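Chain residues, written in single-letter form:
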Amino acid sequence: MTKTAAIIGGGVIGGGWAARFALNGWNARVFDPDRQAARKIGEVMANARRSLPGLTDVALPAEGAITFHDSIHEAVEGAAWIQESVPERLDIKHKTFGAIQQACDPAAVIGSSTSGFKPSELQQGAARPEQIMVAHPFNPVYLLPLVELVPGNGIDGPMVDRAKEILTGLGMYPLHLKKEIDAHVADRFLEAVWREALWLVKDGIATTEEIDNAIRYGFGIRWAQMGLFETYRVAGGEAGMKHFMAQFGPCLQWPWTKLTDVPEFTEELVDLIAGQSDAQSGAHSIRELERIRDNNLVTMMRGLKAQDWGAGALLNAQEKAMRSATALGARAADLPADAPVLTARRTVPLDWTDYNGHMTESRYLHAFADATDRFMEIIGCDAAYIASGGSYFTAETHIRHLDEVHAGAVIEIRTRVMEGAGKKMHLFHEMTEGDRLLATGEHFLLHVSLETRKPSAPSAGIEAALRRFAEAHAALPAPDGAGRHIGAPR
């Protein structure tokens with residue numbers, strides 16, 4: 001049965017909530033007096049549809065309907081979850097909660113997206129105070145999992161359990177705070193960093209870009225996968241959190257920041273933090289935590305590399321410089337045509353290995369596809385040419401997996417042109433580690449017009465470069481495995 005959520009307030013956050021619910025199979029009823037609400041939420045939904053489903057390797061449920069309603073009463077009727085995302089004014093929120101509780105199911109959860117108000121403030125004058133709780137998300141709501149769930153000081157019970165169940169079902173992480181405080185937890189961190197950043201800009205120490213780069217090229221990536229305390233536990237080395245605090249604790253008394261109101265570094269505080277850190281991370285040795293950290297950092301930065309953003313853009317620039325210094329940066333005219341062409345020389349990364357500890361099948365294809373792209377660049381089918389409207393599309397692929405390879409291995413791919421005339425390009429790749437032949441990949445491609453999406457003739461320059469390799473490679477002995485069908489003897 002399709003569940004129903006009511007979204008009261010359809011701005012950036014409310015729209016994100018609507019997308020999160022709808023893409024997880026809930027119907028979302030929206031109330032917002034803004035005449036542009038449907039357009040704005042439609043645009044948020046378009047972004048959510050292209051991104052959220054890619055987080056999971058299992059298809060999301062059938063998308064729920066988003067409907068727009070003329071009154072709070074109409075929107076909340078029959079809803080199991082009601083999310084308030086109106087402006088951050090307590091009087092507006094009280095009026096909104098009053099209207100919601102007049103019409104909603106008493107068993108429905110009423111969550112507030114407030115970033116600053118405490119639940120006790122939100123519940124003032126409410127008919128059923130326990131029904132209202134803070135459910136503070138982070139933008140974009142449809143992607144980021146954290147929700148600060150604050151039902152009030154010490155309040156627990158079936159309503160809170162139901163809220164956790166619903167949020168978890170949406171793929172979110174409800175951080176249940178047992179004690180309320182202004183701005184909850186996460187925004188207090190952000191506010192501290194924000195204040196310090198404002199001072200650094202005002203005092204001429206750093207620009208906004210330099211501050212952003214300090215975060216995204218350094219501690220921001222570490223925090224994204226280990227948080228604050230676990231990061232510092234690793235920094236303490238084998239002696240752990242107590243050693244880190246003993247070494248760096250005195251820094252809190254130094255005038256490093258404008259935020260100088262710090263707790264006294266007593267033995268009780270050190271023991272409290274060290275004990276909680278042991279409970280959090282003590283199941284792993286420091287060396288294990290370092291390996292976990294490194295795996296996560298490599299995976300994250302490689303993801304950024306694919307988007308050419310942040311630390312990933314730095315990796316791409318380094319890679320381009322390294323490639324240009326070797327034969328991998330050459331073009332057709334600079335390469336001899338009487339031998340297979342080196343199209344890849346790379347290290348197998350950590351995230352290319354599977355549960356058997358060796359490179360997974362899909363990564364062989366990934367490596368061969370990169371080699372094909374590199375050969376296309378060599379003959380002139382580069383980014384500029386593709387932008388002009390022509391490219392090669394793969395029509396057929398055959399891969400033989402001959403030997404296993406592990407993370408850290410340096411592999412090379414050499415490419416032969418089996419056929420290169422007119423619209424056709426037939427390539428044969430051989431992947432090796434040293435003298436070991438790991439795999440072969442045979443690919444048949446057709447040149448295509450990106451305007452018509454149909455086969456077309458390549459430019460004269462590309463065809464000439466391709467034909468040069470094809471004619472020279474035809475004189476070489478036929479490569480083992482070329483044209484071989486599945487199951488044929490090696």
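Residues numbered from 1 in each chain as written. Predicted model: local features only at pLDDT ≥ 70, side-chain atom pairs only at ≥ 80, totals over all residues. Heavy atoms only, no water.

1. Considerations on the overall build of the protein chain
Argument step 1. Of the regular secondary structure elements, the protein chain holds 16 helices and 14 strands.
Argument step 2. Relative to the globule expectation of 23 Å for 490 residues, the C-alpha radius of gyration of the protein chain, 29 Å, shows a markedly less compact shape.
Argument step 3. Taken along its principal axes, the extent of the C-alpha atoms in the protein chain is 90 × 60 × 50 Å.
Argument step 4. With 490 residues in all, the protein chain has 39% of them scored as buried.
Argument step 5. Intrachain contacts of the protein chain at a sequence separation of at least 6 include 69% that bridge at least 24 residues.
Argument step 6. Surface accessibility of the protein chain: about 26300 Å² in total, with carbon and sulfur atoms responsible for 56%.
Argument step 7. Computed over 49 positive and 62 negative side-chain charges, the inter-centroid distance for the protein chain is 4 Å. (Helix = DSSP H or I, 4+ residues; strand = E, 2+ residues; numbered from the N terminus. Rg over C-alpha atoms; globule rule 2.2 N^0.38 Å. Buried < 20%, exposed > 50% of the residue type's maximum accessible area, 1.4 Å probe, protein only. Contact = heavy atoms within 4.5 Å. Areas by Shrake-Rupley, 256 points an atom, 1.4 Å probe, with all protein chains shown as cover. Lys, Arg positive; Asp, Glu negative; His and termini not counted. Charge placed at Lys NZ, Arg CZ, Asp CG, Glu CD.)

2. Let's talk about the environment of Gln 131
Argument step 1. In this fold, Gln 131 is placed in the loop between α5 (119-122) and β6 (132-136).
Argument step 2. Residues Gln 131 and Pro 151, spaced 20 residues apart in sequence, show a C-alpha to C-alpha distance of 8.4 Å.
Argument step 3. Of the polar contacts made by the side chain of Gln 131, one reaches the backbone oxygen of Ala 108; its length is 2.9 Å.
Argument step 4. At a separation of 2.8 Å, a polar atom in the side chain of Gln 131 contacts the side chain of Arg 128. (Polar contact = N/O pair within 3.5 Å; in protein donor to acceptor, adjacent residues only side chain to side chain.)

3. Quick word on helix α4 (residues 90-103)
Argument step 1. Between the first and last C-alpha of α4 there are 20 Å, a value that for 14 residues agrees with the 20 Å anticipated at 1.5 Å per step.
Argument step 2. Among the residues making up α4, those that are buried are Lys 93, Thr 96, Phe 97, Ile 100, Gln 101 and Ala 103. Mapping the buried residues of α4 onto a view down its axis gives an arc of 160°, with all of them on the same face. Away from its buried face, by an angle of more than 90 degrees, α4 presents the exposed residues Lys 95 and Gln 102.
Argument step 3. Along its buried surface, α4 packs onto β1 (4-8), α3 (72-76), β4 (81-84), β5 (109-112), α5 and β6. (Expected span 1.5 Å × (residues − 1). Arc of directions from axis to C-beta.)

4. Side note on the domain arrangement of the protein chain
Argument step 1. With domains assigned, the protein chain is organised as domain 1 (4-176), domain 2 (206-291) and domain 3 (327-474).
Argument step 2. Taking the mean C-alpha position of each, domain 1 and domain 3 sit 49 Å from one another. (Domains from an automatic or database assignment.)

5. So, the side chain of Thr 114
Argument step 1. Considering the arrangement of structural elements, one finds Thr 114 in the loop between β5 and α5.
Argument step 2. Among the polar contacts listed, one links the side chain of Thr 114 to the side chain of Glu 88, at a separation of 2.9 Å.
Argument step 3. Sequence-distant contacts of Thr 114, that is, excluding residues within four places in its chain, are made with Glu 88, Lys 93, Leu 122, Val 134, His 136 and His 184.

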